[in-house]
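# Survey of secondary and tertiary structure
Listed below are the residues making up each chain.
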Amino acid sequence: MQELIQKLAKELDETVATGKDSLESFRLKFISKKGVISQLFDEFRELSGEEKKKVGKALNELKQAAEAKLKLLQESLESNAGEGDVSIDFTLPSTQNKIGNLHPLNLTRYKIIQIFERLGFNVADGPEIEDDWHNFSALNFPENHPAREMQDTFFVEKGNGEGSQDILLRTHTSNVQIRLMQKQKPPIRSIMPGRVYRNEAISARAHCFFHQVEGLYVDKNVSFADLKQTLYHFAKEMYGKDIQIRFRPSFFPFTEPSAEIDISCLICHGKGCTVCKHSGWVEIAGSGMVHPNVLRNCDIDPEEFTGFAFGMGIERVTQLKYRVNDLRLYSENDIRFLKQFKTVM
Ligand SMILES: [Zn+2]
């Protein structure tokens, strides 16, 4: 019997629990009523007094060791819970984590936001699925404006012309300006970055969706000089101190007067190249003083308040900053293109 006890003690010592099953088989073998130690105790009772003396102590120690071992195994299994298979080969080479980077459009968006936030603009957001009033009517688009045509706008639902309105994918982020002016009274100083949709054939120069940042500043005594200075500051912050800026008269239904903003060509520095179509200038934004009708549509008195608004395409700003010449690259998810922006920021 002594030999058997020694053998079991050794086995017990060497037991490693690799899971719940092995723990249970350990318990059945050593601890349970039908286990080996129980059997040994049964046999022990049959022994003579002399023999009992010999093995009694060792048998008791074996029983205690088995109980302690069970406890130990249970604890080690619990602390390993969730770590899965313990038979991991730690000598294998590790898999490298690939660190991603910001999408170029997000790089530009964050940069634009950062520049305007320093001037006191906050960021506003609004729905991409919009009704006709917020996308067109409130912005002073006349009833027959071509932008309302099917070939320029994605309509989600056609209204009946009486109670229900057309529902569409917004064609610019100006809807956010309207929503902002409806719920907040001046002073308003916000920029609105977001995705917009137009029904265009996809090519290197046009896409059916793109991103804009618009800005709106409405308060007492806001003038065209404020607009000029704000965008002048933006262009210098975005493209560097040597940039030239010019305002060209233009027309938009929602601003009066209106102006397009050009910057000097970053590629040829004004000498003329294909990007600037040999003019030395490239367009980056549209702008103007908010039309009095737009203010009235939002219950803001144009006699008391004036404001300016501007809008620019994030793709356009990115294209000029990073010399990307195909708009489609932004949405193709080609990692060879995207990872080139890893070192930017
Ligand atoms: Zn040029």
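Within the open sheet, the seven strands sit side by side as E1-E5-E6-E10-E9-E8-E7. Their pairing is mixed. A single partner strand is all that each edge strand has here, and the edge strands are strand E1 (122-123) and strand E7 (245-252). Here strand E9 (residues 281-290) pairs with strand E10 (residues 306-313) via five bridges, running antiparallel. Bridge assignment links Gly288 to a residue of E10, and that residue is Ala309. Here helix H8 (residues 224-239) sits on the sheet in contact with E7, strand E8 (255-264), E9 and E10, set at roughly 125° to E7.

Here Ser174 is to be found in helix H7 (residues 174-183). Its relative accessible area of 3% is what places Ser174 among the buried residues. For Ser174, the side chain forms a polar contact with the side chain of Glu214, separated by 2.9 Å.

Grouped together as the largest cluster of nonpolar side chains are 42 residues, with contacts concentrated most on Phe116, Phe234, Tyr239, Ile263, Ile284, Phe308 and Met312. Counting only elements with at least two residues in this core, the list comes to helix H5 (104-118), strand E6 (209-219), H8, E8, E9, E10, helix H10 (314-322) and helix H11 (335-338). When residues no more than four places from it in sequence are discounted, the contact partners of Ile263 are Ala235, Tyr239, Ile243, Gln244, Ile245, Gly280, Trp281, Val282, Ile284 and Leu320. Counting 25 residues, the second largest nonpolar core, distinct from the first, contains Ala138, Leu168, Met181 and Val218.

This part is about the sheet that holds strand E4 (residues 167-169). The strands making up a sheet are joined through hydrogen bonds of the backbone, oriented either antiparallel or parallel. The three strands lie next to each other as E2-E4-E3, forming an open sheet whose pairing is antiparallel. A single partner strand is all that each edge strand has here, and the edge strands are strand E2 (129-131) and strand E3 (155-157). Put simply, the sheet's adjacent strands are angled 35° from each other on average, direction ignored. Here E2 pairs with E4 via three bridges, running antiparallel. Each residue of the ladder has a partner; that of Ile129, found in E4, is Leu169.

Cut-off values and rules
Residues numbered from 1 in each chain as written. Predicted model: local features only at pLDDT ≥ 70, side-chain atom pairs only at ≥ 80, totals over all residues. Heavy atoms only, no water. Pairing = 2+ DSSP bridges. Helix = DSSP H or I, 4+ residues; strand = E, 2+ residues; numbered from the N terminus. Contact = heavy atoms within 4.5 Å. Axes fitted to C-alpha atoms, helices over the stretch in contact; angles between N-to-C directions. Buried < 20%, exposed > 50% of the residue type's maximum accessible area, 1.4 Å probe, protein only. Polar contact = N/O pair within 3.5 Å; in protein donor to acceptor, adjacent residues only side chain to side chain. Core = buried A, V, L, I, M, F, W, Y, C linked by side-chain atoms within 4.5 Å.

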